[in-house]
Amino acid sequence: MSSILFKKEKSIATITLNRPEKFNAFDRSMALLLQSILDDCAADKSIRAIYLTGNGKAFCAGQDLGELVGQNPPGFEVILSEHYNPIITRIRNIEKPVICAVNGVAAGAGANIALSCDIVVATASASFIQAFSKIGLIPDSGGTFTLPRLVGFQKASALMMLGDKINAAEAERMGMIYKVFADEEFKADSFKIAETLAIMPTKSLAYTKLALNASLNNSLEEQLKKEDQLQFLAAHTADFNEGVQSFIEKRPPLFKGE
Ligand code: LHQ
């Protein structure tokens, strides 16, 4: 059985982390596989939204700790540079929306991979843990960049130092994630978000993502310039034309992602 299940249907790529007995913790081959799957999604023009989730009770427990003490462990010097950092940069740079459906506990790098996605939703029984301090590490996978920007410096410090487990409702209240869905409706409700995004103007979503990425470091002046450049590109897409035309003709738009 593959450590990641990958399916393409109706313009949506569904990526399911699939080591349920290890709470979907990453070993080296799984981390490399996720990178190649994200590259496939980036290159495939028919894919207009990416839905990332986990199989079983957990979303992802981060690094497979067993691998670190097993035979031929990957060296510490490559774990971030070859495993997690390239995953985070791919998620942030891919010009398509990535929806993370957190179906259970998200810990360590698993939590920070989830938080790097464009829209993060969770099932009511899910939880989030910055587990690193519990084993003597520092938060990685972009967590020290992302979390303070989502919840503020103070809450990020406390969550990262204490390693407290917080439930999905708390995560939503803090602004760490977008929404919580009841367990029974979680799959259908979270997937509906992917279906909605997959028929939207894909390039305008991509440019929105690029603008938001840039906003994390830009001054207002720089950001206004960035919006100007990206709006120019958006205005030259076929989907912008269709959006205006369908409005004038009082009919639903048919966006093609072009
Ligand atoms: C696991 C794991 C796991 C293997 C649950 N590995 N088996 C960067 C730099 C360099 C090196 C290291 O890593 C990193 C990035 C990181 O991600 S560091 C952080 C690594 N992750 C953790 O420290 C989390 C460890 N796991 C936990 O704290 C708990 O398992 C959580 C809170 C996720 C879930 O707790 P419970 O619901 O009580 O479940 P459990 O502990 O009983 O786990 C269920 C099974 O999953 C169990 O297997 P078993 O055979 O006993 O049923 C665990 O061994 C396995 N598992 N996480 N990371």
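The rules behind the values
Residues numbered from 1 in each chain as written. Predicted model: local features only at pLDDT ≥ 70, side-chain atom pairs only at ≥ 80, totals over all residues. Heavy atoms only, no water. Domains from an automatic or database assignment. Buried area = accessible area lost by both parts, 1.4 Å probe. Salt bridge = Lys/Arg side-chain N within 4 Å of Asp/Glu carboxyl O. Helix = DSSP H or I, 4+ residues; strand = E, 2+ residues; numbered from the N terminus. Nonpolar A, V, L, I, M, F, W, Y, C, P; charged D, E, K, R; others polar. Buried < 20%, exposed > 50% of the residue type's maximum accessible area, 1.4 Å probe, protein only. Arc of directions from axis to C-beta. Contact = heavy atoms within 4.5 Å.

Moving on, we come to the domain arrangement of the protein chain. Quoted interface sizes are often the accessible area lost when the parts come together. The assigned domain composition of the protein chain is domain 1 (4-198) and domain 2 (202-249). Measuring from the centre of the C-alpha atoms in domain 1 to the corresponding centre in domain 2 gives 27 Å. Between domain 1 and domain 2, the buried area comes to about 900 Å², and carbon and sulfur atoms account for 52% of it. Considering only the side of domain 1, the residues that lose the most area to domain 2 are Arg48, Arg92 and Glu95, jointly responsible for 49% of the buried surface there. At the junction of domain 1 and domain 2, the tally comes to one salt bridge. Those elements that provide at least two residues to the side of domain 1 that touches domain 2 are α3 (76-93) and α5 (143-151). Per-element accounting of the side of domain 1 that touches domain 2 gives the leading share, three residues, to α3. Here the residues of the side of domain 1 that touches domain 2 sort into six nonpolar, one polar and six charged.

What follows deals with helix α11 (residues 238-248). Three or more residues of α11 are buried, namely Asp239, Glu242 and Ser246. Axial view of α11: buried residues confined to an arc of 55°, hence all on one face. For α11, the exposed residues lying more than 90 degrees away from the buried face are Phe247 and Ile248. Buried residues along α11 sit against α9 (202-215). With its phi angle positive at about 50°, Lys250 sits one or two positions after the end of α11.

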